[in-house]
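The chain contents come next:
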Amino acid sequence: MRIHAILLLTTLLLAALAALTGANAPESDAAGRFLGGWVNDEYNLYIRRDDDGIAGRLSQAEGDHAWEFSGGYYDADKARLYFLNCIRYREYIDLDTLELVQEDWSMSDLVFTWLALAGDGDALTAGDIPGIEAPLALRRVSDEEYFGF
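Residues numbered from 1 in each chain as written. Predicted model: local features only at pLDDT ≥ 70, side-chain atom pairs only at ≥ 80, totals over all residues. Heavy atoms only, no water.

Visitor: Outline the confidence of the model for the protein chain, listing residues and values.
Guide: Mean pLDDT over the protein chain works out to 83, with 81% of the residues at or above the 70 mark. Within the model, the stretch residues 4-26 combines pLDDT values under 50 with 0 contacts to residues more than four positions away or in other chains. (pLDDT = per-residue confidence, 0-100. Contact = heavy atoms within 4.5 Å.)

See the structure below:
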């Protein structure tokens, strides 16, 4: 009788784990549609998976300001990817030492920066970005085009 109870509990546990894994698969697939490079005339955004989930880096195309986002999660009800944390800074090359300098750091928790796909997934709108008033409209580019190789 004891063995049957253990087998039953083990079966229920495995079924629950399988259900949870299956429930997260669509969310992971939907969030995966946001990954990659996005650009417009003023900004470049790259979204990737990291050890903590989904992260992103926004930078000015012709300027020296950068935003690093982390804590990304997908909200299926709103069909949006949200970032909860943001680090903002200026980044430039010091011509005297030829080193990359990052200054004017600003860290924000709970920023709720959001990303939404438009049309067939080749257009993205990004809003509530610290220091940028209006939402950004970006278009998808390949990794080769984004990184220039």
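Visitor: Hey, could you go over the nonpolar core for me, with residue numbers and the actual values?
Guide: One finds Ile 47, Leu 58 and Leu 115 to be the most contacted residues of the largest nonpolar core, which totals 23 residues. Counting residues per element, the ones that place at least two in this core are helix 1 (2-32), strand 2 (43-50), strand 3 (53-60), strand 4 (65-75), strand 5 (80-94), strand 6 (99-118), strand 7 (123-127) and strand 8 (136-141). (Core = buried A, V, L, I, M, F, W, Y, C linked by side-chain atoms within 4.5 Å. Buried < 20%, exposed > 50% of the residue type's maximum accessible area, 1.4 Å probe, protein only. Helix = DSSP H or I, 4+ residues; strand = E, 2+ residues; numbered from the N terminus.)

Visitor: Go over the environment of Ala 31 with me, naming the residues and quoting the values.
Guide: When you line up the elements, Ala 31 lands in helix 1. Measuring from C-alpha to C-alpha, the distance between Ala 31 and Ala 76 comes to 9.1 Å, with 45 residues separating the pair along the chain. The residues touching Ala 31, leaving out its near neighbours within four places in the chain, are Ile 54 and Tyr 74.

Visitor: How would you sum up the sheet that holds strand 6? Please name residues and give values.
Guide: Taken together, the 8 strands give a closed barrel; going around it, the order is 1-2-3-4-5-6-7-8, and neighbouring strands pair in antiparallel fashion. Recorded for the sheet is a direction-independent mean angle of 30° between the axes of neighbouring strands. Across 8 bridges, the pairing between strand 2 and strand 3 is antiparallel. In the sheet register, Ile 47 faces strand 3, and the bridge partner there is Gly 56. (Pairing = 2+ DSSP bridges. Axes fitted to C-alpha atoms, helices over the stretch in contact; angles between N-to-C directions.)

Visitor: Before we move on, can you summarise the pattern of salt bridges with the specific residues and values?
Guide: Under the defined criterion, the tally for this structure stands at 7 salt bridges. In this structure, Arg 90 and Asp 64 form a salt bridge, with 2.9 Å as the shortest nitrogen-oxygen distance. In this pair, Arg 90 is assigned in strand 5 and Asp 64 in the loop between strand 3 and strand 4, connecting sequence segments 26 residues apart. Measuring nitrogen to oxygen at the nearest pair gives 3.7 Å for the salt bridge that ties Glu 145 to Arg 139. Take Arg 139: its relative accessible area is 46%, and that puts it in the partly exposed class. Among the charged side chains, a network of salt bridges with common partners joins Asp 64, Arg 90, Glu 103 and Asp 104. (Salt bridge = Lys/Arg side-chain N within 4 Å of Asp/Glu carboxyl O.)

Visitor: So what's going on with the pairing of strand 3? Residues and values would help.
Guide: Here strand 2 hands over to strand 3 after 2 residues, the two strands then running antiparallel side by side. Of the pairings in the sheet, the one linking strand 3 to strand 4 comprises 5 bridges and is antiparallel in character. Bridging from a neighbouring strand, Leu 58 pairs with Trp 67 of strand 4.

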